[in-house]
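Coordinate inspection notes
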Amino acid sequence: MNEMDIQTVTLERQGAVLVATVDNPPVNALSHSVRAGLVDAVEALESDPQAKALVIVCAGRTFIAGADIREFNKPLKEPRLGVLIERLDRCEKPVIAAMHGTALGGGLEIALACSYRVALESARFGLPEVKLGLLPGSGGIVRLPRLIGVEEALAMISQGNQVDAEHALETGLLDEVMADDLRAGALAFAERIVAEGGAIRRTSDLPVPTIEPGFLDAKRAEFAKKFKGLDAPQIAVDLVEMMSTTPFQEAAAREYATCKELIASPQSQALRHLFAAERAALKIDGVPAEVEPREIRTVAVAGPGVMGRGIAICFLNAGYPVVLLGKDEENLSKGVGGIRKILESGVKRGRMTQEAADEQMSHLTPTLDYADLGAVDLVVEAVTEDLATKKDVFARLDAALPDRAIIATNTSFLDIEALASSVTRPENVAGMHFFNPANVMKLLENVRAGRTAPDVLATITSVGKKIGKVPVMVGRSEGFVANRMLSKRSREAQFLLEDGATPQQIDKVLSGFGFPIGPFALADLAGMDVMAAARKARLAGMTPREQACDIVDKLAAAGRLGQKTGAGYYLYGDDRKPQPDPAVDELLAAHRAERGLPQREITDEEILERCLYAMVNEAAKIIDEGAAARPGDIDVIWTNGFGWPTHLGGPMFWANRIGLPNVKAALEKYSALVGEEYFRPANLIESLVAEGRGFYD
Ligand code: COA
């Protein structure tokens, strides 16, 4: 073992059974010391005549959760995982993996190379490498299908989904499940195996299961749609096909070679960046790790509109009792009905049982009376987006809530400081900005106001995680981060229409880039009335060109409200597929004529650059202003909020890869073409380029 390593594997013999305990917090990742320690354990087993079997068990919250991601960018130190796996596979005495928590990636591969696998009934199992743009490289692909069949194995390898212990027992992944005391149970299991003769079982000796003709091609087609732009799920299918026709050792070598190639691939680098960025985003500036979040037992949602309903469902789903505060009977009963409808549709789609939906409804307490908020720990305010209305609600909340209660506004663009100033305890005020539909969208922009207390910031972060969101802390800024950047992309998309592009050309370029939907098809979904109202609200702050760029208003005035009226930027038939409409071309031509704008050919490159660089430049300003703490936070926001393709790592990661000098040059080009006020490079970009640095240096 390397002298620099801390010892993370301890060995102890109990009777005929050697027990290797891995203790490498926080998740027992397969750092060098763990790999080396387990090789030592196998050697100890083989060399000790008294030892007849080995149990591998882990301390702490989980069995081995995979390779140590922090070691990926460093030179590989032997023994690599494959060497350990090979030693386990060849071992002449039985080895038993005893699993709890999450046995993931290389952790599961170790278990697959053991003779036997036992686990706690709460344990979960998975090969999540694909989520990092990787694939298992040490036997996951060559062993798992042999053990549980191709279909089950491919689902785990290509989608990275986890299975529970009950399922794992059924499929043959596990030999035994125990309710508690894993260590004692695993020891007893091992003693029994020894008593029965200590049989060895090698997964590598199992026959390759047959694959139904057409099965793999069907999976390729399915994954191309489901994992648009991602390489690893497709390569997973290729490797499963390869393992089915290749001798074990050769297949294992090819599996490893592919994994090594993938580690160096741009897609994996981007996805690993996002993994780290999501975790870094949870560390909040000015909130030391020892700051304890406040205890949240009961939540209230003020305002049972569309957003309020979705927000209430997020908390109900996570098991919180929710008080739903309405302004009048009609408003409240509509809200309750809306929540019931969403839960019922979850039942219809098989996402939850009727009992679970009923139970959640029983945790909802509708009220019109602020006096019912006396025991509430957190209120999410989601009333009408109007400062006076919100201030009025804040004043009433202030009077009704206990001193410790947090008031989090879901405002999209109002000034949070003005709201904080309207209560007696501004330190309890923050923002929790959800995205529509709130019960579906993963992103949660938490907003810190000037006086928000550190434990309030810690609380909204931990609560955000508990309700299954990806929380990112942002600061005061109009539209915060996600919408402020989106508004720049929308501006350029509109200007590009004025300059001569068509909605379908722009949508094609952006969905071709990897967004799930183009901006105009998306606007048709949201509704032109909604888009026109949003434009009206922001009109005063716009430049003269933006104010005059009223295509949205013209479409709305023509009754083209989008999908709901069968026409918007596109025409919609019964299949709801957007079709280009000559009437829109005419409307755009008339608009250009009215504005005296010449139409020119717009290249796809110009569309992409103007739409995306406008966002990157705005993000750089946001960082400069301190409204986002780091470029990685912007990447997390855009990949979770507005479908930025994950394999491109987020807008800042993408721009950084292009190189900031190139980004700056493009911004200067569009400054000259579109206007300085739209594309002047942000100070941050100027200074980083001058210093020869990138966003992450
Ligand atoms: N290698 C190194 N560090 C890891 C790690 C890994 N494979 N998996 C998690 N960690 C670290 C996280 O970065 C985090 O560190 P931090 O506290 O400094 O931010 C810490 O362990 C806790 O992880 P977190 O994800 O916040 O905890 P959780 O309880 O929500 O989830 C897991 C635990 C194991 C389910 C989750 O971390 C996970 O899915 N990890 C990745 C597993 C994986 O992909 N393995 C295959 C790698 S090829």
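Residues numbered from 1 in each chain as written. Predicted model: local features only at pLDDT ≥ 70, side-chain atom pairs only at ≥ 80, totals over all residues. Heavy atoms only, no water.

Glancing now at the domain arrangement of the protein. Taken domain by domain, the protein consists of domain 1 (3-263), domain 2 (299-474), domain 3 (501-505 + 515-599) and domain 4 (605-691). Summarising the inter-unit geometry, the C-alpha centres of domain 2 and domain 4 are found 32 Å apart. Across the contact, nine residues belong to domain 2 and seven residues belong to domain 4. The largest per-residue losses of area from domain 2 upon contact with domain 4 belong to L443, V472 and V474, which jointly make up 50% of the total buried on that side. There are zero salt bridges connecting domain 2 and domain 4. The interface formed by domain 2 and domain 4 includes zero residue pairs in polar contact (both at pLDDT 80 or more). When contributions to the side of domain 2 that touches domain 4 are tallied by element, the ones reaching two or more residues are β16 (443-448) and β17 (470-474). With four residues, the single largest contributor to the side of domain 2 that touches domain 4 is β17. The residue makeup of the side of domain 2 that touches domain 4, split by class, is seven nonpolar, no polar and two charged. (Domains from an automatic or database assignment. Contact = heavy atoms within 4.5 Å. Buried area = accessible area lost by both parts, 1.4 Å probe. Salt bridge = Lys/Arg side-chain N within 4 Å of Asp/Glu carboxyl O. Polar contact = N/O pair within 3.5 Å; in protein donor to acceptor, adjacent residues only side chain to side chain. Helix = DSSP H or I, 4+ residues; strand = E, 2+ residues; numbered from the N terminus. Nonpolar A, V, L, I, M, F, W, Y, C, P; charged D, E, K, R; others polar.)

If you check the shell around the ligand, you find 19 residues, and the closest are R61, A67, I69, R279 and K283. Taking R61, its side chain carries an N or O atom lying 2.5 Å from an oxygen atom of the ligand. Measuring from an oxygen atom of the ligand, one finds a side-chain N or O atom of R279 at 2.8 Å. For the ligand, the accessible surface in isolation is 870 Å², of which the surrounding protein chains cover 72%. (Near = heavy atom within 4 Å. Areas by Shrake-Rupley, 256 points an atom, 1.4 Å probe, with all protein chains shown as cover.)

The buried fraction of strand β6 (residues 116-120) is high, at five of five residues. The alternating pattern of β6 places Y116, V118 and L120 on one face and R117 and A119 on the opposite face, and all of these are buried. Pairing analysis gives four bridges linking strand β4 (residues 95-99) to β6, with the strands arranged parallel. Residue pairing across strands places A98 opposite V118, the latter belonging to β6. Bridge count for β6 against strand β9 (residues 176-178) is three bridges, and the pairing is parallel. Within β9, the position partnered with A119 by the bridge is V177. (Buried < 20%, exposed > 50% of the residue type's maximum accessible area, 1.4 Å probe, protein only. Pairing = 2+ DSSP bridges.)

This paragraph deals with the sheet that holds strand β3 (residues 53-58). The strand order across the open sheet built from six strands is β1-β2-β3-β4-β6-β9, with neighbouring strands paired in mixed fashion. The outermost strands of the open sheet, each flanked by one partner alone, are β1 (9-14) and β9. Between one strand axis and the next, the sheet turns by 20° as a mean value, whatever way the strands run. Here β3 runs beside β4; their pairing, made up of three bridges, is parallel. Within β4, the residue paired with L54 across the bridge is V95. (Axes fitted to C-alpha atoms, helices over the stretch in contact; angles between N-to-C directions.)

Attention now goes to empty space enclosed by the protein. According to the stated counting rule, one finds three cavities of 30 Å³ or more in the structure shown. What the largest cavity holds in volume is close to 60 Å³. Each residue belonging to the lining of the largest cavity can be placed in one class, and the counts come to seven nonpolar, one polar and two charged. (1 Å grid on protein atoms, 1.4 Å probe; cavity = no way out; pocket = protein on both sides within 12 Å on 5 of 7 lines; lining within 4 Å. Points joined across faces, edges and corners; volume = space filled by probe spheres on them.)

By definition, a disulfide is the covalent link that joins the sulfur atoms of two cysteine residues. Within this structure, the stated rule accounts for zero disulfides. No disulfide involves C114; its sulfur sits 9.1 Å from that of C91, the nearest cysteine. The closest cysteine sulfur to the non-disulfide-bonded C259 is located on C114, 19 Å from its own sulfur. (Disulfide = S-S within 2.5 Å.)

Here we come to the packing of helix α19 (residues 503-513) against helix α20 (residues 519-526). Packing of α19 against α20 leaves a shortest axis separation of 7 Å and a crossing angle of 105°. Overall, the two elements α19 and α20 adopt an arrangement that is roughly perpendicular. Only P519, F520 and A521 of α20 make contact with α19, whose side of the interface consists of P503, I506, D507 and L510. Split into classes, the residues belonging to the contact of α19 with α20 amount to six nonpolar, no polar and one charged. (Parallel < 35°, antiparallel > 145°, perpendicular 65-115°, else oblique.)

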